[in-house]
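# Structure at a glance
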Number of protein chains: 2
Amino acid sequence: MRIAAKKPRSTRIRSPAPAAAHNLHSLADQLHSAAIHLLRQLRKEDDASGLSAPRLSALSVVVFGGPLTLGELARAEQVKPPTMTRIVTGLEKDGLVERKDDPRDKRLTHIESTPKGRKVLAAGRAHRVERLASAVGKLEGKELAELSRAVQLLREVIVSMRGEQA
Amino acid sequence: MRIAAKKPRSTRIRSPAPAAAHNLHSLADQLHSAAIHLLRQLRKEDDASGLSAPRLSALSVVVFGGPLTLGELARAEQVKPPTMTRIVTGLEKDGLVERKDDPRDKRLTHIESTPKGRKVLAAGRAHRVERLASAVGKLEGKELAELSRAVQLLREVIVSMRGEQA
DNA sequence: GATTATCGTTAGCCCAGCTAACGATCTCAG
DNA sequence: CTGAGATCGTTAGCTGGGCTAACGATAATC
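Per chain, the residues get numbers from 1 upward, laid out in the order the sequence is written. Following the order in which they are written, the chains are lettered starting with A and the ligands numbered starting with 1. Local features are withheld for residues below a pLDDT of 70 in this predicted model, meaning they are given only at 70 or higher, and side-chain atom pairs are given and counted only at 80 or more; totals for whole chains, interfaces and linings count all residues.

## Here's the deal with the overall build of chain A
The condition that has to hold: Segments assigned H or I by DSSP are reported as helices when at least four residues long, segments assigned E as strands when at least two residues long, and all are numbered from the N terminus. Residue burial here comes from a neighbour count, namely the number of other C-beta atoms, placed from the backbone, that lie within 10 Å of the residue's own C-beta, with 20 or more meaning buried, 12 or fewer meaning exposed, and in between meaning partly exposed.
Helix and strand counts for chain A stand at 6 helices and 3 strands. Moving toward the C terminus, one meets the helices and strands of chain A in the order α-α-β-α-α-β-β-α-α. Counting over 166 residues, chain A shows a buried share of 37%.

## Quick notes on the sheet that holds strand β3 (residues 109–113) of chain B
Residue and element names in this part refer to chain B. For the record, the criterion: A pair of strands is considered paired only if DSSP assigns at least 2 bridges between the two. We call two residues in contact if the C-beta atoms placed from their backbones are at most 7 Å apart. Axis definition: a line fitted to C-alpha atoms, over the contacting stretch in the case of helices. Angles run 0 to 180 degrees between N-to-C directions.
Taking strand neighbours across the sheet as the criterion, the 3 strands line up as β1-β3-β2 in an open arrangement whose pairing is antiparallel. With one partner strand each, in any of the chains shown, β1 (68–69) and β2 (97–101) form the two edges of the open sheet. Where β2 lies against β3, 5 bridges are found, and the strand directions are antiparallel. Across the sheet, the residue bridging to Val 97 is Ser 113, located in β3. The strands touched by helix α2 (residues 53–65) are β1, β2 and β3; relative to β3, the strand with the most contacts, the crossing angle is about 85°. Sitting on the sheet, helix α4 (residues 81–93) touches β2 and β3, and the angle it makes with β2 is about 115°.

## Comments concerning the protein's contact with DNA strand D
As a reminder, the rule being used: Working rule for contacts: place C-beta from the backbone, and if it is within 6 Å of a molecule or strand, that residue counts as near it.
Looking at DNA strand D, there are 24 residues lining it, with A:Lys80, A:Pro82, B:Gly71, B:Pro82 and B:Thr85 nearest. Where the surface near DNA strand D is concerned, the elements lending two or more residues are α2 (53–65) and α4 (81–93) of chain A together with α3 (70–76) and α4 of chain B. No other element matches α4(A), which puts 5 residues into the surface near DNA strand D.

## Here's the deal with the environment of B:Leu70
Residues and elements named next belong to chain B. Summarising the element assignment, Leu 70 is placed in helix α3. We classify Leu 70 as partly exposed; it has 17 C-beta atoms within 10 Å. When the C-alpha atoms of Leu 70 and Thr 109 are compared, they prove to be 6.0 Å apart, with 39 residues separating the residues in sequence.

## Describing the protein's contact with DNA strand C
Lining the immediate environment of DNA strand C, one finds 24 residues, of which A:Gly71, A:Pro82, B:Ser52, B:Lys80 and B:Pro82 sit closest. When contributions to the surface near DNA strand C are tallied by element, the ones reaching two or more residues are α3 (70–76) and α4 of chain A together with α2 and α4 of chain B. Among the elements that take part in the surface near DNA strand C, α4(B) stands out by supplying 5 residues, more than any other.

## Brief notes about α2(B)
Residue and element names in this part refer to chain B. Here is the rule we go by: Between the first and last residue of a helix there are one fewer steps than residues, each counted as 1.5 Å, and that sum is the expected span.
With 13 residues, α2 ought to run about 18 Å at 1.5 Å a step, and its terminal C-alpha atoms sit 17 Å apart, in line with that. Within α2, 10 of the 13 residues are buried, which leaves the element mostly enclosed by the surrounding structure. Listed in full, the buried residues belonging to α2 are Arg 55, Leu 56, Ser 57, Ala 58, Leu 59, Ser 60, Val 61, Val 62, Val 63 and Gly 65.

This is the structure we're talking about:
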């Protein structure tokens, strides 16, 4: 955070905000902050397309990951089944996915994307990308490559955290 | 409206794919996904300290940014006043911050951190950092520097998005 | 055939976001 | 000095995401 509101004049104590993250403390803080604020920004876009971040994320998995059961989807998204039930219900209500019973094992519910779901996802993505592109377009190509590289690292970090369970 | 040059090919991206972000579409997607999953992981830690991500974030601003009004805090955190009212109420109930009336303008409410608030923030941070450190410790020093650098870029991107209205 | 395991849902809780509306206060025109 | 308007924070009420606990239906196993 540390995005001082309105009076940046009397530069306060605070650890050097614009400086690089010299240690793990500030790196963790800044990463945390960046994630929160990025999602808050993205939420606004998501609202425009009627898709919240969790729904968008789940829909993306269904569209690109092919049909899968609710439980698999919950695990993929790292949430508990009841949570995924609600997300899927929301997506289904909007006609973006469909529940299909498994003929062999009637306990299972397969989640499939509908044509509308794929269409909306593409549109929502384009919308978001357009916005991010214009923001990212101000970075130089080199910086963009750095950012891209860092996202890879981030993914590793997340997987690592996930493995060791809290 | 500047439309991204290329349509999303039906490249199977799917979450677990470690492929590089060759274009803005996938970069945006991966960034989005990374942010969501990072916060979901962090939430578990936050729960341990009894502080949700938004509360932790707000507390951090109060602690490092000094006393400020509720409205300023809401703007700093990019949320609406009613939302901040509730966050502050939660923090106050836990004794982490205090509301102070302004003697000159009785409409204003100043938010101050308490000693306990500062202590808890430090503890929570340490807790989170320990976790992130162990995850990040698997990266090489060079990678760590890259990640640090990228966080800077991310901040610029976020500010940029914020500036241009949603 | 009875027990046990698995899957998804329901119920019920808490928190985070929003808008709309409101009371209290301050400001300022007249 | 007074009354209209602006500003601030709160309350009320909605949506939605996250969880645990408990449950019914179905499979698997003994």
